[in-house]
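Chains, contacts and geometry: an overview
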Amino acid sequence: MFKAFFGGIHPDDGKKYTQKKVVEDMPLVGRYCVPLKQHIGEACVPMVSKGAVVKKGQCMANGDKNRSVPIHAPVSGVIADICSCRDPVTGMSKSIIIDSDGKDEWLEGRLIFRDNNDLDAASIIDIIRECGVVGMGGAAFPTHKKLLPPANKPVDLLVVNGAECEPYLTSDYRVMLECPEDVVSGCLIAMKAVYAKYCRIGIEDNKKDAIALMQKYAAGYKNITIVPLPSVYPQGGEKMLVKAISNREVSSGKLPMDVGCVVLNVSTMKAIADAVEKNIPLIERIVTVSGSSITCPKNIRARIGTGFNDAIAFCGGLKRPASTIIMGGPMMGIAQTDTGVPIVKACSGILAFSEQDAGSAVDRPCIRCGRCMDACPMRLRPNMLSMLSERNKYKTALLEYDLLDCIECGCCAYVCPAKRNIVQHVRKAKAQNTMNKKRKKLEINEQRG
Ligand code: SF4
Ligand code: SF4
């Protein structure tokens, strides 16, 4: 099985800086800043107060079961404060600050070994939620929600994303090389939870050693297949992956579950295995720290709440000033104004580029060359979307040009000779439409009294 999708690009993948670097454990730092909202959904409510003593793995905040996942202490220590802090996703959010006591003591009951054969699907899903597992590819969608599709949308295929098509990032790759057994365990557990008959792990063919290793570890399981995929960006996009792996088409406005699939990332598989087999909550993750400004690019295992500053210092600091700092990959990551933000569950990478290497969108007028349309994997018209957004014609973009189908992959901006900031225009149009919808709803409610 070796299928491609329409469009896509082949950017310099920049993976050579870290792909051969074995994951290094980051030593404990003095202070951790843990945001209360690290998932798509509602922020959690603190269950601890200033001055409280916490153990590693202790639940510190929780919320509605359907709309959030709990947040756990990444270290043992004392709650120094609960206040509004900068975070890399929303900009600013309520966070719990912990001063480490340096002992790193687990809460009793964590790190126990549990046989998942004794668990039914409902118990597995409860454990995954209780351990705060979210999608670790960047979206941070609560994993237990993905594993609970509506009854009228049965899932037969678990699609596991090992493509890691974003340039520079090698954290998923290292998970496959260093923890293949956990990835396979996570797949078996997730299949059981969602009643899937099959699992296919898609890996780009530029990771031949990961393909071979995963094939070796999955060899004993007839229902798990490793699928080599062409190395083309954005191969790891949900719709592209489902098409490449199963030849099922997720049409406009639909989700993978509409074609019987659930898509999860390989790092999420490891988090599932840790949660279910060892009762370990999601308190740390592998992060690629790279880019032209980083002195010694690495893959690091860092606790959630570790400052970008501390992570960069562990990688030798900045060898030249960074004009661009990104959480995640250069194509779909989130630009940061500086390094004073913490690592969160969705943070697969910290990239820092000097001005010379960063490249910049200058937003010149469109010359109608059409290259963006050839590159768009969703077969959209990015030139029209960006122009309509510039002219504040958000509704036209929504209704006539399928604005919401844009996955913000950035292929269009990458190929644009006018260096138009197409993704920013698309995001603005989406945000304006959402705002207009909310405003309209409010007006209707007011009229109804
Ligand atoms: S960012 Fe949106 S419009 Fe641009 S190529 Fe990707 S899907 Fe198409
Ligand atoms: S690639 Fe850029 S210049 Fe060419 S049509 Fe698209 S938006 Fe216009």
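The structure presented is a predicted model; accordingly, all values stated were derived computationally and were not measured.

Brief notes about unusual backbone geometry
Cis peptide bonds are those with omega within 30 degrees of zero, and the linkage from Tyr-233 to Pro-234 qualifies with 5°. Counting through the fold element by element, Pro-234 comes out in the loop between β11 (224-229) and α6 (238-246). For Glu-164, which is not glycine, the phi torsion reads 40° and is therefore positive. Tracing the backbone shows Glu-164 in the loop between β9 (157-162) and α3 (171-178).

Side note on the environment of Gly-317
Considering the arrangement of structural elements, one finds Gly-317 in the loop between α8 (308-314) and β15 (324-327). Classification of Gly-317 by relative accessible area gives buried; the value is 16%. Spatially, the C-alpha atoms of Gly-317 and Ala-43 are 32 Å apart, while their sequence positions differ by 274 residues.

Notes on the domain arrangement of the chain
Taken as a whole, the chain is organised into domain 1 (15-21 + 112-278), domain 2 (29-100), domain 3 (284-358) and domain 4 (371-448). Just the C-alpha atoms count here: the centres of domain 2 and domain 3 sit 21 Å apart. At the junction of the two partners, domain 2 supplies 17 residues and domain 3 supplies 16 residues. Here domain 2 packs against domain 3, burying approximately 1300 Å² in sum over the two surfaces, 56% of which is carbon and sulfur. By the criterion of area lost to domain 3, the three top residues of domain 2 are Gln-38, Arg-86 and Pro-88, representing 48% of everything that side buries. A salt bridge links Asp-338 to Arg-86; the shortest N-O distance between them is 3.0 Å. One can count 7 residue pairs in polar contact (both at pLDDT 80 or more) joining domain 2 with domain 3. Elements that contribute at least two residues to the side of domain 2 that touches domain 3 include exactly β2 (31-35) and β7 (77-87). Ranked by the residues each element gives to the side of domain 2 that touches domain 3, the list is headed by β2, at 5 residues. Residues belonging to the side of domain 2 that touches domain 3 are distributed by class as follows: 12 nonpolar, 1 polar and 4 charged.

Concerning the site of ligand 1
In the vicinity of ligand 1, the contacting residues are Cys-376, Pro-377, Met-378, Pro-382, Cys-406, Ile-407, Glu-408, Cys-409, Gly-410, Cys-411 and Cys-412. Here ligand 1 is seated within the largest cavity. Of the residues assigned to the shell around ligand 1, the class counts are 9 nonpolar, 1 polar and 1 charged.

Looking at the sheet that holds β2
Spatially, β2-β8-β7-β4 is the arrangement adopted by the 4 strands of the open sheet, whose pairing is antiparallel. The sheet terminates laterally at β2 and β4 (53-54), the two strands that pair on one side only. As paired strands, β4 and β7 are joined by 2 bridges and run antiparallel to one another. Paired with Val-53 across the bridge in β7 is Val-78.

Some details on the pattern of salt bridges
Counting across every chain of the model gives 26 salt bridges. Of the charged contacts in the structure, one is a salt bridge between Glu-24 and Lys-298, with a shortest N-O distance of 3.3 Å. Here the residue Glu-24 occupies a position in strand β1 (residues 24-25), and Lys-298 occupies one in strand β14 (residues 298-303), the gap between them amounting to 274 residues. Note on Glu-24: relative accessible area 31%, which makes it partly exposed. According to the relative accessible area criterion, Lys-298 is buried, its value standing at 11%. The closest approach of N and O atoms between Asp-64 and Arg-67, which form a salt bridge, is 3.5 Å. Classification of Asp-64 as partly exposed rests on a relative accessible area of 30%. Through salt bridges with shared partners, one network takes in Lys-56, Asp-104, Glu-284 and Arg-303.

Notes on the site of ligand 2
Taken together, Cys-366, Ile-367, Arg-368, Cys-369, Gly-370, Cys-372, Asn-383, Cys-416, Pro-417, Ala-418, Arg-420 and Ile-422 make up all the residues around ligand 2. The pocket occupied by ligand 2, as judged from atoms lying within 2 Å of grid points, is the second largest cavity. Of the residues that constitute the shell around ligand 2, the class distribution is 8 nonpolar, 2 polar and 2 charged.

The rules behind each value
- Residues numbered from 1 in each chain as written.
- Chains lettered and ligands numbered in written order.
- Predicted model: local features only at pLDDT ≥ 70, side-chain atom pairs only at ≥ 80, totals over all residues.
- Heavy atoms only, no water.
- Helix = DSSP H or I, 4+ residues; strand = E, 2+ residues; numbered from the N terminus.
- Buried < 20%, exposed > 50% of the residue type's maximum accessible area, 1.4 Å probe, protein only.
- Domains from an automatic or database assignment.
- Contact = heavy atoms within 4.5 Å.
- Buried area = accessible area lost by both parts, 1.4 Å probe.
- Salt bridge = Lys/Arg side-chain N within 4 Å of Asp/Glu carboxyl O.
- Polar contact = N/O pair within 3.5 Å; in protein donor to acceptor, adjacent residues only side chain to side chain.
- Nonpolar A, V, L, I, M, F, W, Y, C, P; charged D, E, K, R; others polar.
- Near = heavy atom within 4 Å.
- 1 Å grid on protein atoms, 1.4 Å probe; cavity = no way out; pocket = protein on both sides within 12 Å on 5 of 7 lines; lining within 4 Å.
- Sits in = over half its atoms within 2 Å of the grid points.
- Pairing = 2+ DSSP bridges.

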